[in-house]
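# Close look at the chain arrangement
Here is how the chains run, residue by residue.
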Amino acid sequence: MIKYELKCDSGHVFEAWFQDSSTYDRQRGRKQVHCPVCNSHKISKAPMAPRLARSSEARAADEAKQAQAARQALLQLREHVERNADYVGSEFPEEARKMHYGDAEHRNIYGEASPEEAKELSDEGIEVTSIPWIPRGDA
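Note that the coordinates shown come from a computational prediction; the quantities given were computed from them, not determined experimentally.

## Quick look at unusual backbone geometry
- At Lys31, a residue that is not glycine, the phi angle is positive and equals roughly 60°.
- With respect to the helices and strands, the residue Lys31 is situated in the loop between helix 1 (21-29) and strand 3 (43-45).
- The phi dihedral of Asn39 is positive, around 70°, even though this residue is not glycine.
- Within the element layout of this structure, Asn39 appears in the loop between helix 1 and strand 3.

Below you can see the structure in the form of structure tokens.
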């Protein structure tokens, strides 16, 4: 089996598995390979880096780097939300409803809601999202 990273003529990139390279060529020639986003049959192989075997220490170091980058991104997101939105705490569901139904002026808010409350808001057509709120390093 071989995995190819493919690209359609609209620029969408996706992966697909084939028995071997000739299977890919044959299926592409018969227009059996198509973009899952736009359904285009004009597909080419995108550049791919080979996967090289690495030691468990190297993998662990990469994973630690990725975890640190994710933590940094979440901290930056937290800072952005705190700078640009009002904290309403456990009143979040009520405040979101007030704004949605025109009983309060629209503004950016954040706070707490249970999974059930978030689902109810979503069912009412109120956009909500959950953000992993990791503690700061100085907390």
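## Describing helix 3 (residues 92-100)
- If you check which residues of helix 3 are buried, you get Phe92, Pro93, Glu95, Ala96 and Met99. Down the axis of helix 3, the sector holding all buried residues measures 165°, keeping them to one side.
- Where helix 3 is buried, its residues contact strand 4 (86-89), strand 5 (109-111) and helix 4 (115-123).
- Backbone geometry just after helix 3 places Gly102 at a positive phi near 80°.

## Some points on the layout of surface pockets
- Its volume calculated, the largest pocket comes out at about 780 Å³.
- Residue assignment for the lining of the largest pocket shows that the elements contributing at least two residues are helix 2 (56-84), helix 3, strand 5 and helix 4.
- Per-element tally for the lining of the largest pocket: the top contributor is helix 3, with four residues.
- For the lining of the largest pocket, a count of residues per class yields 14 nonpolar, nine polar and three charged.

## Some words on the pattern of salt bridges
- Within the structure shown, the criterion is met by nine salt bridges.
- Residue Arg107 is joined to Glu95 by a salt bridge in which the shortest nitrogen-to-oxygen separation is 3.5 Å. Within this pair, whereas Arg107 is found in the loop between helix 3 and strand 5, its partner Glu95 is found in helix 3, the two being separated by twelve residues in sequence.
- Residue Glu95 is classed as buried on the basis of its relative accessible area of 15%.
- Residue Glu124 pairs with Arg97 through a salt bridge whose shortest N-O separation is 2.9 Å. Of this pair, Glu124 sits in the segment after helix 4 while Arg97 sits in helix 3, and the two are 27 residues apart along the sequence.
- Judged by relative accessible area, which is 29%, Glu124 ranks as partly exposed.
- A single network of salt bridges, built from pairs that share partners, joins Asp86, Glu95, Lys98 and Arg107.

## Observations concerning the state of the cysteines
- The tally for this structure, following the rule as stated, stands at zero disulfides.
- As a non-bridged cysteine, Cys8 has Cys38 as the owner of its nearest cysteine sulfur, 3.7 Å distant.
- Cys35 provides the cysteine sulfur closest to Cys38, a residue in no disulfide bond, and the two sulfurs are 3.7 Å apart.

## Let's talk about the packing of aromatic side chains
- Summed over the entire model, instances satisfying the criterion amount to five aromatic pairs.
- A ring pair is formed by Phe18 and Tyr24, whose centres lie 5.2 Å apart and whose planes are at 75°; its orientation type is edge-to-face.
- For Tyr24, a relative accessible area of 3% puts it in the buried group.
- Seen in terms of ring centroids, Tyr87 and Tyr110 are 5.2 Å apart; in terms of plane orientation they differ by 55°. Their pairing is tilted. In this pair, Tyr87 sits in strand 4 while Tyr110 sits in strand 5, placing the two residues 23 residues apart along the sequence.
- Grouped by ring-pair contacts, the aromatic residues Tyr4, Phe18 and Tyr24 constitute a single cluster.

So, how was this worked out
Residues numbered from 1 in each chain as written. Predicted model: local features only at pLDDT ≥ 70, side-chain atom pairs only at ≥ 80, totals over all residues. Heavy atoms only, no water. Helix = DSSP H or I, 4+ residues; strand = E, 2+ residues; numbered from the N terminus. Buried < 20%, exposed > 50% of the residue type's maximum accessible area, 1.4 Å probe, protein only. Arc of directions from axis to C-beta. Contact = heavy atoms within 4.5 Å. 1 Å grid on protein atoms, 1.4 Å probe; cavity = no way out; pocket = protein on both sides within 12 Å on 5 of 7 lines; lining within 4 Å. Points joined across faces, edges and corners; volume = space filled by probe spheres on them. Nonpolar A, V, L, I, M, F, W, Y, C, P; charged D, E, K, R; others polar. Salt bridge = Lys/Arg side-chain N within 4 Å of Asp/Glu carboxyl O. Disulfide = S-S within 2.5 Å. Phe/Tyr/Trp six-rings, centres within 6.5 Å; stacked < 30°, edge-to-face > 60°.

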